[in-house]
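# Inside the fold
Residue-level listing of the chains:
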Amino acid sequence: MEDNQGLSSSPYISLTTYRPPKTKHIFEASKLPVSCIVQPFLPEESLPLAIFQTDDIVRCKFCKSYINPFVNFQDSGSNWRCNLCKCLNPVDARYFAPLDEKGIRSDLNKRVELQYCSYDIIAPESYMYRPPMPAVFFFVVDISHKSKDLGYLDCVLDAISGIVEESYMPGMPRTLVGLIAFDTAVHFISFGENGPSVVTVAEKHDEMFLPVPRESLLVSLEDNSDKFLQGIDLLRSMPSFPISTAYRCALRASYLVLHNQGGKNLVFVAENHSESGHPKEFSLNATLPFFKDFATEMSQVNVSCDVFICSSQYSNVLSLGEVAKYTGGEVFYYPNFTRKQAGEKLENEIWMVITRKTVWEAAMRLRVSKDWKATHVYGHFVIRSGDLLCLPNFNESQTVTYDFKLENMITEDDYFYLQAALLYTSNEGERRIRVHNLRTPYTDQVRNIYEYANNDTLVAIISKKALSEMARQSKLEVGRNYIEARCREVVSSCAGNVPRSLNFFVLSCLGAMKHPLFVNQSLGCK
């Protein structure tokens, strides 16, 4: 149980070092960033459920952190001191339990939230602004000649139909699905009583509308699985144009369908000519304003986008995938696509995205010990109201990375604490709060910071920062230079005596620098 209580380790929160510095002088001298990677979900895991007898979840009245194994009960159990902000909180009469001679609550073995570092809470109605949403999957498919000729369209439709036919769609029986296609126009698939039909709307960027009622475009898969499969087959035989230019319109159309519901957009693009640009116009941050602004709109109504892009020539992947960055989605890119070489990979990744554990309408906040401050956050999200991350969808593979800064000398505590809380809706329609806590000792020696360093987490975070700098300055060489500079700083700070924990640090940095993202200027994307 030691690991689950966050004593110097946690499978859900990884620190760059498990001996954070106790003074600003040591913090600045070590040259090793104090950062963490939070992964709220792990494959095939199940957390204990904390049950509160009332609708009031026990939280600190000052910093709003959730009660956890590291709080300190005082005054015969009538008060508890928050481990994060050090403020004293009264214990509600309905939560009270006397303390034994060691200061331990008499009901400790019945209190999941006081035994385990990581646990789930069923959220009361006060944490909901509407009933929990169902799992919603909306497919936006490029049906241009290029998509058909490359075999891309058949791969996509085979994967989707296979998941439906084999009953692997998550969230059943509440799951909702929808389908539209695009080339130089947007083709809505309406699932009426007599089967699926196609309604086409010409390309109009900001004037897109729904030609049929929303209820016929987004339907229950449980009741309409045969019609949905017929709609997929309908796309295979639809006449289309040689190129696709209606990518933006298709995104706008999906937004109109989902904006009252929320859900996951899966967008499949084959060489969208309206966003291609020119390969000589190389820039890592020259995205079109439309995509970021539109992604923010989607995020506000809990709509996310996963974008699958195939290409046989240059594609402006940065602009096409911008909607994924700000909605908690992902981008999958297949350069020089042929079905023979990459078809199986594409189908496997579609299966993975749809069937892996995904939660809905999520929001996340991380709290850190007094005297520390989170300075930067890295991931796919929109920040809403200060430090609250808006995550329309969140899956078991996703992480969020935080940088920390020590603002004052630590005087009151011997331990560094973190708490990550994620509010979400499960596939089963339950509104839950997932809480992860971590505790690890401080140190006043630079040597200890390095001896307890986490090599994998450190290299991963340096690489994330390198990508961020590379995009900000729009130069590929910046990424490699950043990794090299941070590697030199850390090694030189060890004064030639690298501890065992960092034996593979230099090798790992060299490996990161050889990744195609940092060395290959001919990936076919911008």
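For every chain, the first residue of its written sequence is number 1, and the numbers climb from 1 along that sequence. Given that the model is predicted, a residue must reach a pLDDT of at least 70 before its local features are reported, and side-chain atom pairs must reach 80 or more before they are shown or counted; all residues, however, enter totals for whole chains, interfaces and linings. To obtain the side-chain values, all non-hydrogen atoms of the structure were included, while hydrogens and water were left out.

## Overview of helix α7 (residues 289-300)
Between its terminal C-alpha atoms α7 stretches 17 Å, which fits the 16 Å expected from 12 residues at 1.5 Å a residue. Listed as buried for α7 are Phe290, Phe291, Phe294, Ala295, Met298 and Ser299. What you see down the axis of α7 is that its buried residues fit within an arc of 155°, all on one side. Facing away from the buried side of α7, by more than 90 degrees, are the exposed residues Pro289 and Gln300. To qualify as a helix, a DSSP run of H or I must reach at least 4 residues; to qualify as a strand, a run of E must reach at least 2; elements of each kind are numbered from the N terminus. Looking one or two residues past α7, Asn302 carries a phi angle of roughly 60°, positive in sign. Here, expected helix span is obtained from the residue count minus one, scaled by 1.5 Å. Under the scheme applied here, a residue whose accessible area is under 20% of the maximum for its type counts as buried, over 50% as exposed, and between as partly exposed, the area being computed with a 1.4 Å probe on protein chains only. When we speak of the arc, we mean the arc of directions from the helix axis to the C-beta atoms.

## Remarks on the environment of Gly511
Residue placement: Gly511 occurs in helix α14 (residues 505-513). Along the sequence, Gly511 and Val459 sit 52 residues apart, while their C-alpha atoms lie 9.8 Å from each other.

## As for the pattern of salt bridges
Any Lys or Arg side-chain nitrogen located within 4 Å of an Asp or Glu carboxyl oxygen qualifies as a salt bridge. Scanning all chains against the criterion turns up 28 salt bridges. Residue Asp56 pairs with Arg94 through a salt bridge whose shortest N-O separation is 3.8 Å. Linking Asp56 in the loop between β3 (49-50) and β4 (72-74) with Arg94 in the loop between β6 (88-90) and α2 (112-115), this pair joins segments that are 38 residues apart in sequence. By the burial criterion, Asp56 is exposed, and Arg94 matches it. A salt bridge links Arg432 to Glu430; the shortest N-O distance between them is 2.9 Å. Counted as one network, the salt bridges with shared partners bring together Glu45, Asp120, Lys357, Glu430, Arg432 and Arg434.

## Remarks on the nonpolar core
What we call a nonpolar core is a set of buried Ala, Val, Leu, Ile, Met, Phe, Trp, Tyr and Cys residues that are connected through their side-chain atoms within 4.5 Å. Core analysis: the biggest nonpolar cluster contains 85 residues, and Phe139, Tyr152, Phe228, Tyr247, Phe268 and Phe308 have the highest contact counts within it. In this structure, Met364, Phe404, Ile410 and Tyr442 belong to the second largest nonpolar core, which totals 33 residues.

## Side note on the sheet that holds strand β16 (residues 358-368)
Pairing between strands requires that DSSP locate at least two bridges from one strand to the other. In space, the seven strands of this open sheet follow the order β3-β7-β22-β21-β16-β19-β18, with mixed pairing throughout. Only two strands of the sheet have a single partner each, and these edge strands are β3 and β18 (382-384). Pairing between β16 and strand β19 (residues 388-395): six bridges, direction antiparallel. Paired with Trp360 across the two strands is Asn393, which belongs to β19.

## As for the sheet that holds strand β20 (residues 400-406)
The strand order across the open sheet built from four strands is β1-β2-β20-β17, with neighbouring strands paired in antiparallel fashion. Of all the strands in the sheet, the pair left with one neighbour each is β1 (13-15) and β17 (372-378). Sheet twist, expressed as the average angle between the axes of neighbouring strands with direction ignored, equals 25°. Pairing of strand β2 (residues 35-38) with β20, which is carried by four bridges, proceeds in the antiparallel orientation. Looking across to β20, one finds that Val38 is bridged to Val400. Think of each axis as a best-fit line through the C-alpha atoms, taken over the contacting stretch in the case of a helix, with angles from 0 to 180 degrees between the N-to-C directions.

## Quick notes on the pairing of strand β22 (residues 431-441)
Within β22, nine of the 11 residues are buried, leaving the element largely enclosed by the surrounding structure. In this structure, strand β7 (residues 118-122) lies alongside β22, joined through five bridges in antiparallel fashion. Counted as the bridge partner of Ser118 is His436 from β22.

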